[in-house]
Amino acid sequence: MKIKQIRNATLKIQYAGKTILVDPMLSKKGELPVFGPPTVPFHPTSENLENNPLVELPIPAEEVLEGVDAVIVTHMHIDHWDPAAVELIDEELPLYSQNEEEAEKLREQGFQKVYVLGNQTSFGEISLTYVEARHASNDEMLAISGHACGVIFEHKDEPTTYLLGDTVWYENVENTLKKYQPQVAIINAGNNQFKESGPLIMGAEGVHEVHKTLPSAKLFATHMEAVNHAFLTRQELADYAEKHGFSHQLIIPADGEEIVY
C-alpha cells in the first residue's frame, strides 16, 4: 500500500492494485472563501482570515487525477469536495459517498457511478466499510457540521487500514480500532475549530488516544496546515508525539510526500 499526501484531507491511496482518491479539494490557493460556521459568528482563534486553501497543490490537479480508479467523498464540506473537483473529475469514475442524500447530490452534479458506503461495500477485491464519525465536540456544533464518515479498507494482501475521516475522539472510534485492529490509521489531525465550536476533528490528544488504544498501529496524520481553521501544525504534533513517546509510530507527511506500507 502507498499513501500520497496531496493537501489537506486529499489523499491518493494505492491499495490492492487500485488507486483511490480521497476527499479531493483541487482548487488553487485562495480560490475558496474563509471558512466559518454558517449560523455562528466567525471568530477564528488564529485570526487567520486568508482565503482557502492556504497553500497550493504540490502537483498540478491533472497529475493528482492521473491513474485514479475511484473516489471516496467522506462528506461534502468544501474542503473535502470543492468546485474544482466537480469540474475536473471524470463523470464516469466510481464515487463512494457516506449516505444516499449526498450520493444524490453527486448524481445531480453529473456523476454517473455513485455508490453508498455500507457494511463491506466492494470495489474490486477491496472491502470498503462505512464507519460513523463525529464531526464536532458538542451537539450544537454537530447540528451545524452535519454527518461525516470514516472507512475501513480490507484486502487479504494489504494492511487493514482505518481512514478515520473528520471526527473527534469518541467511543465509536475506540470501538472501531478494537474491532478491526487496523495496521494503519489515517487521522485527520489538524485540530480544526472555531472559537464557539470546540474541536471539529482530532488534535494531538486525539492522535495520542488512537495510539494508546492500538499501540501497534502505524499512524498517518493528514488534514493539516491547509485551511484557515486548522490550529495544530505539523511541528507541534511532532513535538507532542516525541514528548509522549509515540513518535516512532507516527508519520506526518509533507504535501506531496508518499509513504509505503
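Enquirer: Help me understand the overall build of the protein, please; the structure alone is not making it clear to me.
Expert: When helices and strands are tallied, the protein shows seven helices and 16 strands. A compact globule built from 261 residues should have a C-alpha radius of gyration of about 18 Å, and the protein, at 17 Å, falls within 12% of that. Each principal axis of the C-alpha distribution contributes one length, and for the protein these read about 40 × 40 × 35 Å. Counting all 261 residues of the protein, 56% fall into the buried class. Counting contacts in the protein only where the partners sit at least 6 residues apart, residues at least 24 apart contribute 63% of the total. Summed over all atoms, the accessible surface of the protein reaches about 11,000 Å², with 47% contributed by carbon and sulfur. The positive charge centre, built from 19 side chains, and the negative charge centre, built from 40, are 4 Å apart in the protein.

Enquirer: Just checking my understanding: could you explain the side chain of Arg234 for this structure?
Expert: Following the sequence through the fold, Arg234 ends up in helix H7 (residues 234–243). Separated by 2.9 Å, the side chain of Arg234 and the backbone oxygen of Pro253 make a polar contact. At 2.9 Å, the side chain of Arg234 and the side chain of Asp255 are in polar contact. Leave out the neighbours within four places in its chain, and Arg234 touches Gln5, Met224, Glu225, Ile252, Pro253, Ala254 and Asp255.

Enquirer: Explanation requested: the sheet that holds strand S16 (residues 258–260) in the structure shown.
Expert: Sheet strands line up and pair through hydrogen bonds in the backbone, either parallel or antiparallel. The strand order S6-S5-S4-S3-S2-S1-S16 describes an open sheet built from seven strands, whose pairing is mixed. Only two strands of the sheet have a single neighbouring strand rather than two, namely strand S6 (113–116) and S16. For this sheet the average axis-to-axis angle between neighbouring strands, irrespective of direction, equals 20 degrees. Across five bridges, strand S1 (residues 2–7) lies against strand S2 (residues 10–15) in antiparallel orientation.

Enquirer: Which parts of the structure should I look at to understand unusual backbone geometry?
Expert: The linkage connecting Asn52 with the following residue, Pro53, adopts the cis geometry, with an omega of -15 degrees. Note that Pro53 resides in the loop between strand S3 (18–22) and helix H1 (61–64). With a phi close to 55 degrees, Asn8 is a non-glycine residue in the positive phi region. Its location among the elements puts Asn8 in the loop between S1 and S2. Using a relative accessible area of 0% as the deciding quantity, one classes Asn8 as buried. Look at His223: it is not a glycine, yet its phi comes out positive at around 60 degrees.

Enquirer: Sorry if this is basic, but what is going on with the sheet that holds strand S11 (residues 184–188) here?
Expert: In space, the seven strands of this open sheet follow the order S7-S8-S9-S10-S11-S14-S15, with mixed pairing throughout. Each having just a single partner strand, strand S7 (121–123) and strand S15 (250–251) make up the two edges of the open sheet. Across seven bridges, strand S8 (residues 126–133) lies against strand S9 (residues 148–154) in antiparallel orientation. Looking at the pairing, Ala133 lines up with Ala148 of S9. Together, S8, S9 and strand S10 (161–163) form the strand contacts of helix H5 (residues 171–180), whose direction differs from that of S8 by roughly 155 degrees.

Enquirer: I keep staring at the pattern of salt bridges and nothing clicks. Help me out?
Expert: All told, the structure shown has nine salt bridges when counted by the stated rule. Notably, a salt bridge pairs Lys105 with Glu101, separated by 4.0 Å at the nearest N-O pair. Residue Lys105 and its partner Glu101 are both found in helix H3 (residues 100–108); the two are separated by four residues, about one turn of the helix. Across the salt bridge formed by Lys156 and Asp157, the nearest N and O atoms sit 3.0 Å from each other. By relative accessible area, Lys156 is classed as exposed at 70%. Linked through salt bridges whose partners overlap, the residues forming this network are Glu100, Glu104 and Arg107.

Enquirer: It is not clear to me how the pairing of S6 should be interpreted in this structure. Could you clarify?
Expert: A regular strand places its side chains on the two faces of the sheet in alternate fashion. Here strand S5 (residues 94–97) pairs with S6 via four bridges, running parallel. Across the sheet, the residue bridging to Pro94 is Lys113, located in S6.

Enquirer: When you look at the environment of Leu21 in this model, what are you seeing that I'm missing?
Expert: Considering the arrangement of structural elements, one finds Leu21 in strand S3. In this structure Leu21 comes out as buried when scored by relative accessible area, which is 0%. Between the alpha carbons of Leu21 and Ile6 there is a distance of 9.7 Å; along the sequence they are 15 residues apart. Ignoring anything within four residues of it in the chain, the contact list for Leu21 reads Thr10, Leu11, Val64, Leu65, Val68, Ala70, Val71, Ile72 and Ile89.

Rules behind the numbers
- Sequence order as written defines residue numbering, which begins from 1 separately in each chain.
- Only residues with pLDDT of 70 or above have their local features reported here, since the model is predicted, and side-chain atom pairs are shown and tallied only from 80 upward, although totals for entire chains, interfaces and linings are computed over all residues.
- The side-chain numbers reported here are obtained from all heavy atoms of the structure, hydrogens and water having been left aside.
- Only DSSP runs of H or I covering at least 4 residues are called helices, and only runs of E covering at least 2 are called strands; the numbering of each starts at the N terminus.
- Restricting the calculation to C-alpha atoms gives the radius of gyration, and the globule rule supplies 2.2 Å times the number of residues raised to the power 0.38.
- Accessibility here uses a 1.4 Å probe with only protein chains present; expressed as a share of the type maximum, an area under 20% marks a residue as buried, one over 50% as exposed, and anything in between as partly exposed.
- Contacts were defined at the residue level, with two residues in contact if any of their heavy atoms lie within 4.5 Å.
- Per-residue and other accessible areas were derived by the Shrake-Rupley procedure at a 1.4 Å probe size, with only the shown protein chains allowed to occlude residues.
- When charges are counted, Lys and Arg are positive and Asp and Glu negative, with His and the chain ends excluded.
- Charge positions are represented by NZ for Lys, CZ for Arg, CG for Asp and CD for Glu.
- Contacts described as polar in this section are N or O atom pairs within 3.5 Å, which, within protein, must combine one atom able to donate a hydrogen with one able to accept it, while residues neighboring in sequence count only if both atoms come from side chains.
- DSSP bridges decide pairing: two strands pair if at least two such bridges lie between them.
- The convention used is that axes are lines fitted to C-alpha atoms, helices contributing only their stretch in contact, and that angles between N-to-C directions extend from 0 to 180 degrees.
- Counted as salt bridges are all cases of a side-chain nitrogen of Lys or Arg within 4 Å of a carboxyl oxygen of Asp or Glu.

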